[in-house]
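Commentary on secondary and tertiary structure
Each chain is listed here by its residues.
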Amino acid sequence: MKGFGIVAALPAEVRALAGTPAAVGSVAQLSDQAILALSGTGPERARAAGKRLLAEGARGLVSWGVAAALDPCLRAGSLVLPVRVFGLDTGTYEAHPGWHRRLVHCLSRHLATSTGPLVETPVLLTDPVHKRALFERSQAIAADMESAALAKLAQEAGAAFVAIRSISDTASMSLPQWLVSLVDEVGRVDPARLAKALFVSPGRAGDLARLAFGFRAAKATLRNVAENAGRDLLFQVQER
């Protein structure tokens, strides 16, 4: 392979780009130079998927999917193309300048696009208070669990890197613990357990509806990215 690899944590993120379902650990060839891996959530899984793609010859890595907003100005569905990523290890990892510039130039004509920093979080951010504290401490506009691990891996391998993230939950939105407890490592919720939780407390349906709205908006943006940047995501074979 002489192209690049894309890592997504959730099946819904894969479908937004590939249009087909996938299993955790699977790899799909999207084009002559793009290959997509479904990793599951968290930095360890993302790094393992990224290593697999590099071993197959990828010369660039993309962190693809949704993110939590830290900046109150971001709305559900806002596109984040961070110029740099901050890791929990205090590392700062830069997006590939040329690749990033092409994506911003192309996509900002179609979508509300922000290029501020992205920061790593070890857990889902469930509380607006925690989001605000991380925003003030890091000055990053959004957070996710996978991008920093992939950015660090790309730096170690001398590969190009970009993150393409769409906001699913805003800075003011909370993620209720009852729902977080039902989500597995690839974002799936067991229907029987969900039905039981809603039966016990019907008022929880409002929480679910708000989160579903944000996730749908984020997926729509990712599909828009794929339509306008193509499955090759404006990657150029010669760049590292």
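See the structure above.
The structure displayed is predicted, hence computed values, not measured ones.

A few words now on the overall build of the protein. Within the protein, the regular secondary structure consists of eight helices and 11 strands. Counting all 240 residues of the protein, 52% fall into the buried class. Counted over contacts in the protein with a minimum sequence separation of 6, partners at least 24 positions apart contribute 79%. Taken as a whole, the protein presents about 10700 Å² of accessible surface, with 56% of it coming from carbon and sulfur.

Attention now moves to the pairing of strand S1 (residues 4-8). By the criterion of burial, S1 is predominantly enclosed, with five of the five residues buried. Burial of S1 is two-sided: the residues Phe4, Ile6 and Ala8 facing one way and the residues Gly5 and Val7 facing the other way are all buried. Bridge count between S1 and strand S3 (residues 34-38): five bridges; the pairing is parallel. In the sheet register, Val7 faces S3, and the bridge partner there is Ala37.

Turning our eyes to something else, we now look at the environment of Ala149. Topologically, Ala149 is positioned in helix H5 (residues 147-157). Assessed through its relative accessible area of 12%, Ala149 is described here as buried.

Moving on, we get to the pattern of salt bridges. As enumerated under the stated definition, the model contains seven salt bridges in all. Linking Arg52 and Glu56 is a salt bridge whose minimum nitrogen-to-oxygen distance equals 3.6 Å. Residue Arg52 is classed as partly exposed on the basis of its relative accessible area, which comes to 39%. A salt bridge links Asp144 to Arg165; the nearest nitrogen and oxygen atoms lie 2.9 Å apart. Taken as a pair, Asp144 in strand S10 (residues 142-144) and Arg165 in strand S11 (residues 160-169) lie far apart in primary sequence, 21 residues in all.

Here we take up the packing of aromatic side chains. Applying the stated criterion to the full structure yields three aromatic pairs. Ring plane angle 35 degrees and centroid distance 4.9 Å describe the contact between Phe4 and Phe235, whose orientation is recorded as tilted. Note that Phe4 is positioned in strand S1 and Phe235 in the segment after helix H8 (205-229), a separation of 231 residues in sequence. You'll find Phe4 and Phe235 in the same group, each marked buried. Ring centres of Trp99 and Phe235 lie 4.8 Å apart, and the angle between their planes is 65 degrees; this geometry places the pair in the edge-to-face category. Of this pair, Trp99 sits in helix H3 (residues 97-107) while Phe235 is found in the segment after H8, placing the two residues 136 residues apart along the sequence.

The next subject is the nonpolar core. Grouped together as the largest cluster of nonpolar side chains are 32 residues, with contacts concentrated most on Ile6, Val62, Trp64, Ile164 and Leu233. With five residues, the single largest contributor to this core is H8. When residues no more than four places from it in sequence are discounted, the contact partners of Leu233 are Phe4, Ile6, Val62, Trp64, Trp99, Leu103, Ile164 and Val225. Residues Ala67, Val85, Ile141 and Leu150 belong to the second largest nonpolar core, which totals 27 residues.

Let us now look at unusual backbone geometry. Although it is not a glycine, Gln139 adopts a positive phi angle of roughly 65 degrees. Considering the arrangement of structural elements, one finds Gln139 in the loop between helix H4 (128-138) and S10. For Gln139, a relative accessible area of 53% translates into the label exposed.

Calculation criteria
Position numbers for residues count from 1 along each chain, tracking the sequence in the order it is written. Local features in this predicted model are restricted to residues whose pLDDT is 70 or higher, and side-chain atom pairs enter the listing and the counts only when it is 80 or higher, whereas totals over whole chains, interfaces and linings include all residues. With hydrogens and water set aside, each side-chain value is computed from the structure's full complement of heavy atoms. Secondary structure elements follow DSSP: runs of H or I no shorter than four residues count as helices, runs of E no shorter than two count as strands, and numbering proceeds from the N terminus. Only protein chains enter the calculation, and the probe is 1.4 Å; a residue is then buried if its accessible area is under 20% of its type maximum, exposed if over 50%, and partly exposed in between. The criterion used for residue contact is that any of the two residues' heavy atoms lie within 4.5 Å. Residue-level accessible areas treat just the shown protein chains as cover; the underlying method is Shrake-Rupley with a 1.4 Å probe. Note on pairing: DSSP must find at least two bridges between two strands before they are called paired. Any carboxyl oxygen of Asp or Glu that lies within 4 Å of a side-chain nitrogen of Lys or Arg is treated as forming a salt bridge with it. For Phe, Tyr and Trp, where Trp contributes only its six-membered ring, two rings pair if their centres lie within 6.5 Å, and the inter-plane angle classes them as stacked under 30 degrees, edge-to-face over 60, or tilted in between. Buried residues of nine kinds, namely Ala, Val, Leu, Ile, Met, Phe, Trp, Tyr and Cys, make up a nonpolar core once their side-chain atoms join them within 4.5 Å.

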